[in-house]
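# Fold and geometry: a report
Spelled out, the chains give:
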Amino acid sequence: MFVSYSFILFLLILFLLYYLIPKGGQWMFLLAASLMFYGAADMRYLAFLLVTSLTVYGAARWMESYDRKRQQYDEEIKCGAVPAPSREEKKAAHRAFSRKKKRVMLLCLFVNLGILAVAKYTNFILQNLNFMLENTGHEPFSPVNLIVPLGISFYTFQAVGYLLDVYWEKGSVQKNYFRFLLFISFFPQLVQGPISRYNDLSETLYQKHEFDGRQIRFGLERILWGYFKKLVIADRIGAAVSILAESPKYYTGVYVLISMLFYAVQLYADFTGGIDITIGIAQVLGIRVKENFIRPFFSKSIAEYWRRWHISMGTWFKDYVFYPCGISRPVKKITTFCKKHFGMAVARRSAVYISSVLVWLATGIWHGAEWRFVIWGLLNGVIILLSEECEPLYQKFHRRFPGLTVTVFYRSFQVIRTFFLMSCLRLFDIYGSVRGTFRQFISLFTQFGKRAVTKEELLGLGLSLADYVILGIGVLILFAVSMGGRRGSVREKIAGKPYVLRYMVFVGLFLSVILFGTYGQGYDVQQFIYNQF
């Protein structure tokens with residue numbers, strides 16, 4: 001949706017009117033624009049969004065009422081308005097309030113995660129039931145034609161995060177329903193994130209925003225940078241990735257490596273480009289949205305990679321799945337059992353292992369209702385856990401070779417190793433099936449030198465020599481910006497340069513998008529990859 005001409009027109013009108021209307025009505029104007037944006041995709045999607053907003057808002061207010069009643073009960077005891085209960089009676093009263101509050105939270109979770117599960121995973125479950133019943137004579141279940149609202153995973157997780165923060169009393173309750181509706185429907189992040197926390201986004205979402213030329217310029221530059229990544233790099237190289245993926249029997253061996261490299265560039269430029277547009281739009285409107293990527297391809301381990309890639313998703317699973325799971329009653333029972341029968345070392349690991357496996361299983365399922373995503377998620381978790389188990393060996397190696405491990409050569413090796421491992425896992429994305437992925441991965445080692453990489457073969461991937469030159473320059477620019485961003489904002493640095501230089505950078509980026517964006521003959525402007533999630 002971000003790459004259509006109608007969206008650009010929508011943005012221009014929005015930016016113009018936003019600073020012309022009374023400041024107190026800006027958030028209401030944003031709400032109307034967000035609902036209009038979402039309804040333009042399909043008016044039926046609005047029904048799902050409204051159900052989520054109403055149930056979560058109502059549950060939060062309901063839980064807040066139990067907190068007030070508990071506080072009122074304590075105050076009445078303190079001031080002597082009621083006879084002082086015994087310690088056990090007071091604890092029992094508090095437990096009663098907590099149980100009621102928990103029931104409300106669980107009911108709301110059941111409704112909203114149930115909607116997400118039914119919409120996204122019903123046909124996946126039916127497919128697996130048909131597979132299990134294949135030889136039993138049972139008539140197979142037919143696929144169900146269900147509506148899967150755009151961005152349902154993102155806004156559901158954002159709403160659930162708010163609900164749990166209220167339940168744990170870590171966040172404030174929004175008493176105005178329409179303000180809460182804006183929080184989960186804020187259009188720039190509705191389609192592909194980031195998954196914002198209420199306490200973070202609300203700091204600027206409802207404020208009165210004055211026209212700030214510097215921030216607006218920075219926001220427009222960020223939007224333009226996102227379009228450069230998407231249209232000049234991601235969609236251009238995507239043509240080659242599609243050909244490589246559609247002919248796996250022909251493109252084996254070394255071409256699997258090329259697929260990995262090309263798709264890494266495509267996914268990074270596509271996803272970060274979309275996030276750049278989101279953050280840029282918000283900045284033009286005076287609203288702060290947190291960063292979702294911090295130079296992930298410079299990571300030295302997969303654990304570090306996931307702290308830098310899709311940060312909002314990773315922190316969501318850590319805060320709302322990993323930690324609650326680790327202190328849950330069933331896991332505590334398992335930990336106690338392991339301590340009694342296998343010792344403290346196993347007991348300490350059991351909670352971490354169980355929580356990690358559940359997190360990565362959920363992460364895989366969140367990405368898609370297919371076994372390839374489930375296996376992709378679990379493989380990420382297994383590699384991270386194995387790496388943690390090998391940490392003593394790493395430390396021993398570092399002590400044995402202290403001079404080597406601080407060299408640029410060794411750090412580069414760690415970065416390349418991590419990039420290769422993650423690229424191997426992304427083969428599940430490229431080839432679309434578990435069997436096809438493993439077949440192509442094996443061919444990387446068994447057929448690597450069977451076919452040479454020739455000019456004719458590369459030009460047969462749907463890209464001309466000019467396309468490769470543009471891609472090469474584009475990737476170099478991405479690398480340079482990433483390197484420059486290690487010591488502060490690149491936009492801030494450019495802003496400190498003479499006006500002529502700033503103007504040339506901005507115009508050059510704009511002309512690059514106009515002249516080299518892949519929306520000419522032979523290309524289609526494609527939606528962002530993460531829209532499907």
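Presented here is an overview of the structure given in this document. (Residues numbered from 1 in each chain as written. Predicted model: local features only at pLDDT ≥ 70, side-chain atom pairs only at ≥ 80, totals over all residues. Heavy atoms only, no water.)

## Details of the side chain of Ser-356
- Assignment of secondary structure puts Ser-356 in helix 14 (residues 344-367).
- Residue Ser-356 is classed as buried on the basis of its relative accessible area of 9%.
- Beyond its immediate stretch of four places on either side in the chain, Ser-356 contacts Phe-322 and Leu-385. (Helix = DSSP H or I, 4+ residues; strand = E, 2+ residues; numbered from the N terminus. Buried < 20%, exposed > 50% of the residue type's maximum accessible area, 1.4 Å probe, protein only. Contact = heavy atoms within 4.5 Å.)

## Here we look at helix 4 (residues 87-132)
- Here helix 4 contains 46 residues, and its C-alpha end-to-end distance of 55 Å is more than 12% below the 68 Å for a straight helix at 1.5 Å per residue.
- Along helix 4, the helix axis deviates most sharply at Tyr-121, where the bend reaches about 60°. (Expected span 1.5 Å × (residues − 1). Bend = angle between axes of the 7 residues up to and from the residue.)

## Focus on the side chain of Thr-204
- Inspection of the secondary structure assignment puts Thr-204 in helix 8 (residues 198-205).
- Taking relative accessible area as the criterion, Thr-204 reaches 2% and is therefore assigned buried.
- In this view, Thr-204 contacts His-209, Gly-286, Ile-287 and Arg-288; residues no more than four positions away in its chain are not counted.

## Thoughts on the environment of Phe-420
- Along the polypeptide, Phe-420 turns up in helix 17 (residues 408-425).
- When the C-alpha positions of Phe-420 and Ala-264 are compared, they lie 9.8 Å apart, and in sequence the two are 156 residues distant.
- When near neighbours in sequence (up to four residues on either side) are disregarded, Phe-420 contacts Leu-257, Met-260 and Leu-444.

## A short note on the packing of aromatic side chains
- For the coordinates displayed, the defined rule picks out 51 aromatic pairs.
- With a centroid separation of 5.5 Å and an interplanar angle of 50°, the aromatic rings of Phe-37 and Phe-187 are classed as tilted. In this pair, Phe-37 sits in helix 2 (residues 26-41) while Phe-187 sits in helix 7 (residues 187-190), placing the two residues 150 residues apart along the sequence.
- Judged by its relative accessible area of 0%, Phe-187 falls in the buried class.
- Chaining the aromatic ring pairs together yields one cluster made of Tyr-268, Phe-271, Phe-293, Phe-297, Tyr-305, Trp-306, Trp-309, Trp-360, Trp-376 and Phe-419.
- Geometry around Phe-401 places Arg-400 over its ring, the cationic atom sitting 5.0 Å from the centre.
- Sitting above the plane of the Tyr-250 ring, Arg-451 keeps its charged end 4.0 Å from the centroid. (Phe/Tyr/Trp six-rings, centres within 6.5 Å; stacked < 30°, edge-to-face > 60°. Lys NZ or Arg CZ within 6 Å of the ring centre and 35° of its normal.)

## Looking at the pattern of salt bridges
- Taken as a whole, this structure holds 23 salt bridges when the rule is applied.
- Across the pair Arg-236 and Asp-467 runs a salt bridge, and its minimum N-O distance is 2.8 Å. Remark: Asp-467 occurs in helix 21 (residues 465-484) and Arg-236 occurs in helix 9 (residues 213-246); sequence separation between them is 231 residues.
- Among the salt bridges present, the one from Glu-457 reaches Arg-451, with a minimum N-O distance of 2.7 Å. (Salt bridge = Lys/Arg side-chain N within 4 Å of Asp/Glu carboxyl O.)

## Here's the deal with unusual backbone geometry
- In this structure, the amide linkage connecting Gly-193 to the following residue, Pro-194, adopts the cis form with an omega of 5°.
- Of note, the phi angle at Glu-169 is positive, near 60°, even though the residue is not glycine.
- Classification of Glu-169 as partly exposed rests on a relative accessible area of 45%.
- Although it is not a glycine, His-310 sits at a positive phi angle of roughly 45°.

## Points about the environment of Lys-69
- Its place among the elements puts Lys-69 in helix 3 (residues 45-78).
- On a C-alpha basis, the gap between Lys-69 and His-94 in space is 9.9 Å, while along the polypeptide they are 25 residues apart.

## Some points on the packing of helix 14 against helix 15 (residues 371-389)
- Where helix 14 meets helix 15, the closest approach of the two axes is 7 Å, and the angle between their N-to-C directions is 150°. One element, helix 14, and the other, helix 15, form an angle in the roughly antiparallel class. When you trace helix 14 past helix 15, the crossing you get is right-handed. Facing helix 14, whose interface residues are Arg-349, Val-352, Tyr-353, Ser-356, Val-357, Trp-360, Leu-361, Thr-363, Gly-364, Ile-365 and His-367, helix 15 presents Phe-373, Val-374, Trp-376, Gly-377, Leu-378, Asn-380, Gly-381, Ile-384, Leu-385, Glu-388 and Glu-389.
- When its residues are assigned to classes, the contact of helix 14 with helix 15 shows 12 nonpolar, 7 polar and 3 charged. (Axes fitted to C-alpha atoms, helices over the stretch in contact; angles between N-to-C directions. Parallel < 35°, antiparallel > 145°, perpendicular 65-115°, else oblique. Left-handed = near helix turned anticlockwise from the far one by under 90°. Nonpolar A, V, L, I, M, F, W, Y, C, P; charged D, E, K, R; others polar.)

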